[in-house]
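Commentary on secondary and tertiary structure
Letter by letter, the chains look like this.
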Amino acid sequence: MEEMVGHWWHQAITRVTRQHHPAAAVQLQDMQKAIGIFFRAAGGPAALRFSPASMQAVGGQRHWLQKLAGSGQRADTAQMESDVLALPATLAVFDDAQLNRDLYLWLAMLSAFFVSNGDWIIDNQRASQAALAQFPGFAARYQALLQAHLAQRPNPVHMTGAGAQAEAAVQAALKGQGSAQLACQPQDVAAVWLWLSAPATDSQAGNRPANDKAAEAREHPAALTNKQRRRTQATSHEQSRNAMVLPFRAEALMSWSEMVHVNRSSDDEEDGNALNAANDMDKLSVAPDGQTLASRVKFDLDLPSSSADDTPLGEGMKFPEWDYRRAVLQPDHCLVQVMQAQHCRPFLPSTALRLTARRLRRRLETLRDAPRAVHGQDSGDTLDLDAWVRFHADQLDNTTACSDTPPIYTRRARLDRSLATLLLADLSLSTDAYATAQERVIDVIRDALFVFGEALNAAGDPFAIWGFSSVRRQHVRMQHLKTFDERWSDASRARVGAIKPGYYTRMGAAIRHATGQLAERPEHKRLLMLLTDGKPNDLDVYEGRYGLEDTRQAVREAHAAGLIPFCVTIDEKAHDYLPMLFGQNGYAMVRQPQDLVRQLTQAWATLSRQ
């Protein structure tokens, strides 16, 4: 009863003292697309990701009710880090929803110009001036935000001590009245919603072993359900006890009669209050536990013996890798080894899979024989709007000669198609997870590869199928399933049926290998289709932004080679990173694994007609 009353009192008094406007609240998830457009239009890095901000300590004058409730001491203000822009999950600062939307857009523009030099006030002043100079049309909205925010801030006249000086310096900087002479931090004043803050140090990323991150993600699934960004600080944990001393206290041992059956928690059980405790902390201290990755990672990630492994074909090929931190393409950084399965048993598809393959084969045969649109013709059935716009723009130039038969029409005709396709499938260990109650992800991929091969074989266009996985940069495995020079045969089907999950996903090297294969093809249109279930990652530094930036660079190289890269994924979080890698129209997300075959074939049919 006491706990229930205390919980009720905490909620009631906190609600009374909360200085927010729920009726005008705006959610980050609703503004994320617009924020991304503004941020990248201002020149912000494409690989920077957005996440909900955590509560940070703030200062300023508090009302007596706030002191009674213990509120007003923390706020989820915007925070800028090297690879993350953390914004409030909900903005209800102003009583006008439009002002809250504009605040999200302002923070996005500000972050593109924000550079932390240690002086919080001056850094935000410079970033604000640069943002307004770059986007003068936003000045009126910014002034409205500024006036509304200044009206909410405490009056320095009614304050005393260092808090009054810090508040006066912040308000003078907000009004643009010269440079602040007083250095202060966000925790010295009330929350400044129009500014960004940066962590004092960002050393934990460099001090921690990069290999521990993937294992920690698997060991702490609770973090996956809460996307709030938290600051950390590196610390060391000293082992204080003496391993050679064994204390013995006979008087502390309970007798048999004193044994009580109590269901006590153990160290291996999850603490239900851990997430709440983390949210209440300004910084999480992270200390190395002395374990190496080898003692924590699954044993089946180790490379098998040569007798049990697939057969290597050739000596291997070296490919470069992009290091975004130095903006350097490292030559001969990765070794790609072509592998082929040994002793493949004949692949026997199910009856339902055969029916699906037959249906899609007939569909692609129909598409092959169907007439195609030919654009930019001097006569035709319909108006080519793009060609008409180009022609009309040329007519505005007096130096361009007029034509009586402008090429502004589209007509349909039967043409010989010149198309080559390479399908690249992710065979990493993550595909060993179950996609449905009966099938794993690798089983769904296997079925998709079989149906895709059957359908493309009927279409008559040249195609190749490869799989890939990796174990660090010196062992990127390209699984040979079918090359352009081979025909689709029982041997190819058997290799598709023999694919198995394993290792990691060094996507950049695999894309570069596939680009080299496709670049040698003489066809006019060349499609590079990637089938995956998650982000690029590997045991070494190849994870997070490093892996995304290298993959993005590899996709750029494919575009430069005249290829059309396209990604089909079954990752539910693909919208967070695939637009940065392949563009807004360069990927398709499969929400139901059983729809993978249909989505893959539909994407190919659409790309082949463009």
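Basis of the calculations
Residues numbered from 1 in each chain as written. Predicted model: local features only at pLDDT ≥ 70, side-chain atom pairs only at ≥ 80, totals over all residues. Heavy atoms only, no water. Pairing = 2+ DSSP bridges. Helix = DSSP H or I, 4+ residues; strand = E, 2+ residues; numbered from the N terminus. Contact = heavy atoms within 4.5 Å. Axes fitted to C-alpha atoms, helices over the stretch in contact; angles between N-to-C directions. Buried < 20%, exposed > 50% of the residue type's maximum accessible area, 1.4 Å probe, protein only. Phe/Tyr/Trp six-rings, centres within 6.5 Å; stacked < 30°, edge-to-face > 60°. Lys NZ or Arg CZ within 6 Å of the ring centre and 35° of its normal. Salt bridge = Lys/Arg side-chain N within 4 Å of Asp/Glu carboxyl O.

**Topic: the sheet that holds strand S2 (residues 49-52)**
What the three strands build is an open sheet, ordered S2-S6-S5; its pairing is mixed. Edge strands, defined here as strands with exactly one partner in the open sheet, are S2 and strand S5 (79-80). Looking at chain direction, S5 and strand S6 (residues 84-87) are connected through two bridges and run antiparallel. Considered in S6, the bridge of Met-80 is made with Leu-85. Here helix H2 (residues 28-41) sits on the sheet and contacts S2 and S6; the angle it forms with S2, its principal contact strand, is near 145°.

**Thoughts on unusual backbone geometry**
Here Ala-327, not a glycine, exhibits a phi torsion of approximately 55°, which is positive. Summarising the element assignment, Ala-327 is placed in the loop between strand S10 (311-323) and strand S11 (328-340). Ala-327 gets classed as exposed once you look at its relative accessible area, which sits at 51%. For Arg-472, which is not glycine, the phi torsion reads 65° and is therefore positive. Assignment of secondary structure puts Arg-472 in the loop between strand S16 (463-470) and strand S17 (476-482). Residue class for Arg-472 comes out partly exposed when judged on its relative accessible area of 40%.

**A look at the packing of aromatic side chains**
The description of an aromatic ring pair rests on the distance of the ring centres and on the angle between the ring planes. Counted according to the given criterion, the structure contains seven aromatic pairs. Arranged with centres 4.4 Å apart and planes meeting at 40°, the rings of Trp-106 and Tyr-142 form a pair that is tilted. In this pair, Trp-106 is assigned in helix H4 (residues 97-113) and Tyr-142 in helix H6 (residues 139-152), connecting sequence segments 36 residues apart. The pair Trp-106 / Tyr-142 is uniform in exposure class, with both members buried. Pairwise contacts between aromatic rings join Trp-106, Phe-138 and Tyr-142 into one cluster. Here the basic side chain of Lys-482 rests over the ring of Phe-463, its NZ or CZ set 4.2 Å away from the ring centre.

**Some details on the sheet that holds strand S18 (residues 525-532)**
The strand order S10-S11-S17-S16-S15-S18-S19-S20 describes an open sheet built from eight strands, whose pairing is mixed. With one partner strand each, in any of the chains shown, S10 and strand S20 (587-589) form the two edges of the open sheet. Across the sheet, the mean angle separating the axes of adjacent strands is 25° when strand polarity is ignored. In the sheet, strand S19 (residues 564-569) pairs with S20 via three bridges, with the strands oriented parallel. Its bridge partner lying in S20, Val-568 is registered against Ala-588.

**Some details on the pairing of S11**
As judged from the nine bridges shared by S10 and S11, these two strands associate in the antiparallel manner. Within the sheet, the bridge partner assigned to Pro-312 lies in S11 and is Met-339. With antiparallel pairing between neighbouring strands as the criterion, S10 and S11 make up a hairpin whose turn holds four residues, including Ala-327 at a positive phi of roughly 55°. Here S11 runs beside S17; their pairing, made up of four bridges, is parallel. Residue Met-339 lies in a different strand from S17, and its bridge partner there is Gln-479.

**With respect to the pattern of salt bridges**
A complete count under the given rule lists 21 salt bridges for this structure. Notably, a salt bridge pairs Arg-512 with Asp-550, separated by 3.0 Å at the nearest N-O pair. Residue Arg-512 is found in helix H15 (residues 507-519), and its partner Asp-550 is found in helix H16 (residues 544-560); the two are separated by 38 residues along the sequence. Each member of the pair, Arg-512 as well as Asp-550, carries the same accessibility label: buried. Linking Arg-512 and Glu-557 is a salt bridge whose minimum nitrogen-to-oxygen distance equals 3.0 Å. A residue pair is termed long-range when its members are at least 10 positions apart, and Arg-512 in helix H15 and Glu-557 in helix H16 qualify at 45 residues. Using a relative accessible area of 5% as the deciding quantity, one classes Arg-512 as buried.

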